[in-house]
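Residue-level structural notes
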Amino acid sequence: MTDRTFTMIKPDATQNGHTGGILEMINAAGFRIVAMKMTHLSEAKAGEFYAIHKERPFYGELVEFMSRGPITAAILEKENAVEDFRKLIGATNPANAEEGTIRKKYATSIGENAVHGSDSDENAAVEGNFFFSKLEQF
Ligand code: GDP
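It should be emphasised that the depicted structure is a prediction, and the values quoted were computed from it without experimental measurement.

Here we look at the overall build of the protein chain
Within the protein chain, the regular secondary structure consists of seven helices and four strands. Sequence-ordered secondary structure for the protein chain, helices as α and strands as β, is β-α-α-β-α-α-β-α-α-β-α. Over its C-alpha trace the protein chain gives a radius of gyration of 14 Å, about what one expects of a compact globule, namely 14 Å for 138 residues. Here the protein chain holds 138 residues, and the buried ones make up 45% of them. In the protein chain, the proportion of contacts linking residues at least 24 apart, taken out of those at least 6 apart, comes to 76%. Accessible area for the protein chain stands at about 7,400 Å²; split by element, carbon and sulfur atoms hold 52% of it. Counting 15 positive and 20 negative side-chain charges, the protein chain places the averaged centre of each group 2 Å from the other.

Printed below as a string of structure tokens:
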């Protein structure tokens with residue numbers, strides 16, 4: 001189960017019709033989709049997913065945003081998946097994201113930044129299991 005990461009296409013990108021464009025960038029970068037679903041997080045579920053940020057000043061805004069509309073959750077496989085995917089998505093704030101990154105192309109602000117990407121192998125496993133049963137991970 002190593003070399004996997006977890007991603008979400010966030011409500012802003014979903015609403016703006018960028019799901020296909022983002023999946024295309026993910027495929028073009030060599031990631032294999034091993035689980036995927038479109039879903040809509042409740043406030044409670046979004047709060048649980050981002051519990052690690054509970055003390056941060058933007059937590060309320062983040063939970064509200066992430067439960068605002070549908071998302072696409074996916075598990076991606078590739079050698080060096082976590083690090084390479086963080087590179088592909090770019091900096092949290094799109095103003096600092098490099099050319100060619102998903103956030104440079106599709107994010108609108110530091111909060112509404114189009115995609116999530118796990119920051120460690122451990123969190124990738126926890127986050128993937130949050131959305132997908134073992135039977136749904138291929
Ligand atoms: P990431 O790992 O690049 O996604 O960034 P973080 O783990 O630091 O933050 C998690 C998510 O919280 C980000 O992707 C943003 O959606 C949101 N976020 C981070 N900083 C801010 C902020 O200053 N304001 C708001 N509204 N949201 C933020």
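Considering the site of the ligand
The immediate surroundings of the ligand are formed by Lys10, His53, Arg56, Phe58, Glu61, Leu62, Arg86, Thr92, Arg103, Ile110, Gly111 and Asn113. In the environment of the ligand, an oxygen atom lies 3.3 Å from a nitrogen or oxygen atom belonging to the side chain of His53. At 3.0 Å from an oxygen atom of the ligand is found a side-chain nitrogen or oxygen belonging to Arg103. Coverage of the ligand by the protein amounts to 81% of the 560 Å² it exposes when considered alone.

Points about the side chain of Ser67
Here Ser67 is to be found in the loop between α4 (59–66) and β3 (71–77). Given a relative accessible area of 13%, Ser67 falls into the buried group. Looking at Ser67, its side chain comes within polar contact range of the main-chain oxygen of Glu64, at 3.3 Å. Setting aside its immediate chain neighbours within four residues, Ser67 contacts His40, Leu41, Ser42, Glu43 and Ala46.

What counts and what doesn't
- Residues numbered from 1 in each chain as written.
- Predicted model: local features only at pLDDT ≥ 70, side-chain atom pairs only at ≥ 80, totals over all residues.
- Heavy atoms only, no water.
- Helix = DSSP H or I, 4+ residues; strand = E, 2+ residues; numbered from the N terminus.
- Rg over C-alpha atoms; globule rule 2.2 N^0.38 Å.
- Buried < 20%, exposed > 50% of the residue type's maximum accessible area, 1.4 Å probe, protein only.
- Contact = heavy atoms within 4.5 Å.
- Areas by Shrake-Rupley, 256 points an atom, 1.4 Å probe, with all protein chains shown as cover.
- Lys, Arg positive; Asp, Glu negative; His and termini not counted.
- Charge placed at Lys NZ, Arg CZ, Asp CG, Glu CD.
- Near = heavy atom within 4 Å.
- Polar contact = N/O pair within 3.5 Å; in protein donor to acceptor, adjacent residues only side chain to side chain.

As far as function goes, none of this settles anything; it's purely spatial.
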